[in-house]
Amino acid sequence: MKRGWKRIVLSYAHDFGMAALSFWLALWFRLGDELVAWPPDILWPAFGAFMAAAAIAFPMLRIGGGIWRYVAVDDFIKIAQAAALTLAIFLLLLFSLTRLELFPRSFVVIDFFIMVGLLSGPRFGYRLIKDRELSSIFERGTHRRVPVLLVGSGDGTDLFIREMTRTRDAPFRVVGILDDRDSRVGRTIRGIKVLGTVDELESIAARLARRSLAPERLIITRSAMDGSVIANLIDRADALGIGIGRLPRLTTFDRADTSGSTESGALSPRPIRVEDLLGRPQAVLDQASISALIQGRRVVVTGAGGTIGGELARQVADRDPAELTLIDHSEYALYQIDLDIGERHPDLARTARIGDVREVAGIRRIFEDIQPEIVFHAAAMKHVPLMEANPLDAILTNIIGTRVVAEAATAAGAEAMVLISTDKAVNPTSVMGATKRVAEMVCQSLDLERVQTAGTTEKAPERRTRFVTVRFGNVLGSTGSVIPLFQRQLARGGPLTVTHPEITRYFMTVREAVELVLQASTLQDETLETGGGICVLDMGEPVKIADLARQMIRLAGLTPDHDVRIAFTGLRPGEKLYEELFHDAEDLVETADPAIRVARPRTADVAVLRRALDELEAAARRRDHADGIERLRRLVPEMTTPGATPPVSGSDGAAAAR
C-alpha cells in the first residue's frame, strides 16, 4: 500500500472510531445510567444502522482525504455536513427497522454536536500544534478567476490557496494540485485535491478540461524543486498551451513585509527564471558559524563593486560586522555598492575606498588604517578573451594583486583571508585561468608557511593569517556572463550565439556561491588545518550552453529554431569545451559539509615561488609581453594557451554576434 493511501486509511479509521464513540456518548448524555439497561434488540441494530450511515456519508463527502497539517474552516464545514448527512441516513435506516419506536429523538441533536467535536477536535489540535497559532485556520473566501494547477503540496500550496480563497479580488482559481511524489495523491489541502503526480500532467489536464476546468497556468509552489523537473514541466506545459510560473520563496514574503501581514499581491507568481532550471537542493548552512565569523569583526571586501564582491558585501553587512570596508578601482561600481549597503544598513560603520590591488603602497596604507580581521579578496580580471589580448594586465591584477592583498593582510595581522578562485584555474587553456591558478598558489604557499612557522616564536605573530581558497564555476548573471548576453540578443530578435554545440559549463547563482564561500570560510577540516587546501564548491551537473539558450528562448514565449535561431560561431581563443573542478594531481577529500570538498595542495617551494613571482612582476610592469607569458608558463606548465589573440566579446560559451 502506498504511503499516501496508508494515511487516508488511518484517517478514516480515526473518523469511524470517533463516530462510534459519539453514538455511545450521545446515548449516555441522554439516558445516563439507564443506558446499561437498554434493550439489546434496540441498541445494537441502532448502532449498526448508525455505523452504516457513517460508512455512506464519510466517503461521499471525502472527509478522510484532507491533510490534517492544513485543516481549515472549509474542512470544519465539510465535517458538519458529513455529521448531518450521517444522522439523516441513520434516521431513514432506523425508521425502516423500528419506525423510530423506543429510540430517543433528542439523540440526533446531541450526537451532531458530539460527532462534529470528536471529528474536528483532533484535526484542529494537530494544526494548532504545528502552527502554534489560530489565524491560519479561520481565513477563507470564495472569489476565484484564472484556473490554475499547483505543483507541490507543502506550505507554499497551503499559503497560496488560503490567500486565493480569502481575498475577493484574488486572480486565480485553484482547480487541483500535482506533486512530484505520490505520497499525498488523493488527499486534499483546504478542500483542493492532490490529483496526481507531475508525470500525469497531460491526463489530469485533459480530465479537468472535460469538466470545464481546463488549467490555464501551472504554478510551482515548492521552493526546492529540482531544476531538471522544472525544465521538463516547461516543455510539457508549452506543448499543452499552459503558462507556467512559480511562487517566490516564503522568506521573500518575510523580508518584504515585516508587519506580519501578507497581501495577495505579494503572492503573485513570478516567471520561471533560468536560475530555477539550474536549481539544486539548497545547501544547509551553518548560520551560527558564519555569523560568528563576521559578527563584531572588521571586514574588508576587495572588488566590492563586482558581482561576487557586491553579494559578499551585502551578506557580510547582514551579519553585523564591527566595520565593513569596500575596495574597488571603479568609482561608479564602488559608489553603487556603498549606496546599496548604506540603504540596507544605515547604522553600519563602513568605508568605501578607491584602490587598485596592483598598488602595494595604496593597499598597504588602507590595511594599516583599517586593521582588518577578515579579508575577502574578490578583485580580479575574469573575461577570458579580453585577458588573452591583455595578458600582462591579467598577471598584474590576478597574480600580483592577490600577492599584494595577501601580504598586506598578513602585515596587518588579519585572522583570515579568503581568495575567490575559478574552475578555469584547472588545466588552464587561457591566460585568465593560468593567472588564477598562480593566485591559488600564492595563497596556498602563504597558508603552508603559516602552519610551518606556527610552532616557532620568530615571525609567528606575522604569520598567523589563515588563507582559504574557494574554487567554483560560472555565476549566473555576473558581468560578462552568458545570461545578460542572451537577454540582449533575445531583445534584438536573435540569433543567440553559442561557440560550440557541445560546450558545457558549471553554474551557480551568485547568492548560492557567496553563501557557500562564507560557509567554506568557517570550515574546520584536517586538510585545511595542515595548510594549503582548496575548498571546491559542489556545482551539481554541468549544463550545455546550447540547452541553456533554448530554455531562455522558451521562457521568452518563443520557439527555438523557429522564432529565434541559435548560431554556432566556433570556440574562441583560450576557451575550453568543458571545465574541470579538480586537477588530476589534487587529492580530493570529503568534508563534514556535503556541498564543500577540499583539494589537497600541490604547491611549489615557497622561496622558489617568491623569486618566480618577483621576476613575473618585473616583466609585467615593464610590459614585456613575451617574457611575461614565458614566466607564466613556467609557473603553470599545464597551461596550453598561446597567450596573444585579438579581443572578442562574450563569455561562458556564448559568443557575440559578428
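The preceding data block contains the structure.
Summarised in this report is the structure supplied together with it.

Analysis parameters
- In this numbering scheme, every chain counts its residues from 1 along its sequence in written order.
- For a predicted model such as this one, the threshold for reporting local features is a pLDDT of at least 70, and the threshold for listing and counting side-chain atom pairs is 80 or more; totals across whole chains, interfaces and linings nevertheless cover every residue.
- Side-chain calculation: all heavy atoms of the structure are included, whereas hydrogens and water are not.
- Secondary structure counts use DSSP, requiring at least four H or I residues in a row for a helix and at least two E residues in a row for a strand, with both numbered from the N terminus.
- Classification of residues uses two cut-offs on accessible area relative to the type maximum, computed with a 1.4 Å probe and protein chains only: under 20% is buried, over 50% is exposed, and between them is partly exposed.
- By the convention used here, residues are in contact when the closest approach between their heavy atoms is within 4.5 Å.
- Under the convention used here, a 1.4 Å probe and the Shrake-Rupley method define accessible areas, while residue burial counts only the protein chains that appear.
- For this analysis, a polar contact is any N or O atom pair within 3.5 Å, provided that within protein one partner can donate a hydrogen and the other can accept it, and provided that sequence-adjacent residues contribute only side-chain to side-chain pairs.
- Residues belong to a common nonpolar core when they are buried Ala, Val, Leu, Ile, Met, Phe, Trp, Tyr or Cys residues joined through side-chain atoms within 4.5 Å.
- Multiplying one less than the number of residues by 1.5 Å gives the expected span of a helix.
- Strand pairing follows a simple DSSP-based rule, namely that at least 2 bridges must link the two strands.
- Fitted lines through C-alpha atoms serve as axes, helices being fitted only where they are in contact, and the angles separating the N-to-C directions of these axes extend from 0 to 180 degrees.
- Here roughly perpendicular refers to angles of 65 to 115 degrees, roughly parallel to angles under 35, roughly antiparallel to angles over 145, and oblique to all remaining angles.
- The nonpolar class holds Ala, Val, Leu, Ile, Met, Phe, Trp, Tyr, Cys and Pro. Asp, Glu, Lys and Arg form the charged class, and all remaining residues, Gly among them, are polar.
- Each helix crossing is assigned a hand: it is left-handed if the near helix lies turned anticlockwise from the far helix by less than a right angle, otherwise right-handed if that turn is clockwise.
- Only the six-membered ring of Trp is used, alongside the rings of Phe and Tyr, when aromatic pairs are assigned; centres must lie within 6.5 Å, and planes under 30 degrees apart are stacked while those over 60 apart are edge-to-face, with the rest tilted.

### Examining the overall build of the chain
When you go through the chain residue by residue, the secondary structure sums to 22 helices and 24 strands. For the chain, buried positions account for 55% of its 658 residues. Looking at the chain alone, contacts between residues at least 24 apart form 78% of all its contacts between residues at least 6 apart. If you sum the accessible surface of the chain, you get close to 28,600 Å²; carbon and sulfur atoms cover 54% of it.

### Overview of the side chain of Asn398
Checked against the element boundaries, Asn398 lands in helix α15 (residues 391-411). In this structure Asn398 comes out as buried when scored by relative accessible area, which is 1%. Polar side-chain contacts of Asn398 include one of 2.7 Å to the backbone nitrogen of Met381. Setting aside residues up to four positions removed in sequence, Asn398 forms contacts with Ala380, Met381, Met432, Thr435, Lys436 and Ala439.

### Here we look at the nonpolar core
In this structure, Phe367, Val375, Ile399, Met417, Leu632 and Leu635 are the most contacted members of the largest nonpolar core, which totals 46 residues. Secondary structure elements with two or more residues in this core: α13 (360-370), α14 (384-389), α15, β12 (416-422), α16 (431-453), α21 (606-621) and α22 (625-635). In terms of residue count, the dominant contributor to this core is α15 (11 residues). Apart from the residues within four sequence positions on either side, Leu632 is in contact with Ile395, Ile399, Val431, Ala434, Thr435, Val438, Leu616 and Met639. Phe376, Ile420, Val475 and Leu516 belong to the second largest nonpolar core, which has 41 residues in total.

### Re helix α3 (residues 73-98)
Over its 26 residues, α3 extends 37 Å from the first C-alpha to the last, a length consistent with the 38 Å expected when each residue adds 1.5 Å. Taken residue by residue, α3 has Val73, Asp75, Ile79, Ala80, Ala82, Ala83, Thr86, Leu87, Ile89, Phe90 and Leu94 as its buried positions. Arg99 sits one or two residues past α3 and shows a positive phi near 60°.

### Observations concerning the pairing of strand β11 (residues 374-377)
By the alternation rule, side chains of β11 split into Ile374 and Phe376 and Val375 and His377, which are all buried. When strand β8 (residues 298-302) meets β11, the two strands line up parallel, connected through 4 bridges. Among the inter-strand pairings, Val299 is bridged to a residue of β11, identified as Ile374. With 4 bridges connecting them, β11 and β12 associate as parallel partners.

### Observations regarding the packing of helix α10 (residues 287-294) against helix α18 (residues 510-522)
Remark: α10 packs on α18, axes separated minimally by 9 Å, with the N-to-C direction vectors making an angle of 80°. Judged by the inter-axis angle, α10 sits roughly perpendicular to α18. Contacts between α10 and α18 involve Ser289, Ile290 and Leu293 from the first element and Glu515, Leu518, Gln519, Ser521 and Thr522 from the second. Class assignment for the residues of the contact of α10 with α18 results in 3 nonpolar, 4 polar and 1 charged.

### Some points on the environment of Ile242
Looking at where Ile242 falls in the secondary structure, it is placed in the loop between α7 (227-240) and β6 (243-246). According to the relative accessible area criterion, Ile242 is buried, its value standing at 8%. As a C-alpha pair, Ile242 and Ala205 span 37 residues in sequence and 9.5 Å in three-dimensional space. If we ignore the near neighbours within four places in the chain, the residues touching Ile242 are Ala205, Pro215, Glu216, Arg217, Leu218 and Ala237.

### Let's talk about the packing of α16 against α22
At a minimum axis separation of 10 Å, α16 and α22 run at an interaxial angle of 55°. Between α16 and α22, the angle is such that the two are oblique. The two elements α16 and α22 meet at a crossing, and its hand is left-handed. Residues Val431, Ala434, Thr435, Val438 and Met441 of α16 lie in contact with α22, whose contacting residues are Ile629, Leu632 and Leu635.

### So, the packing of aromatic side chains
For the coordinates displayed, the defined rule picks out 16 aromatic pairs. Between Trp24 and Phe47 the ring centres are 5.2 Å apart and the planes differ by 35°, which places this aromatic pair in the tilted class. Placement of Trp24 in helix α1 (residues 3-31) and of Phe47 in helix α2 (residues 40-61) is noted, with a sequence separation of 23 residues between them. With relative accessibility at 25%, the residue Trp24 sits in the partly exposed group. Three or more aromatic residues joined by ring pairs make a cluster, and in this case those are Phe23, Trp24, Trp44, Phe47, Phe50, Phe90 and Phe107.

### Observations regarding the pairing of strand β13 (residues 466-472)
Burial runs high along β13: 7 of the 7 residues are buried. Of the two faces of β13, both are covered, the one formed by Arg466, Val468, Val470 and Phe472 as well as the one formed by Phe467, Thr469 and Arg471. Bridging between β12 and β13 involves 7 bridges; their strand directions are parallel. Its bridge partner being in β13, Ile420 is matched across the sheet by Val470.

### Quick look at the environment of Val482
For Val482, the location among the structural elements is in helix α17 (residues 482-491). For the pair Val482 and Val498, spaced 16 residues apart in sequence, the C-alpha separation works out to 9.3 Å.

None of the figures reported here should be taken as evidence of function without further support.
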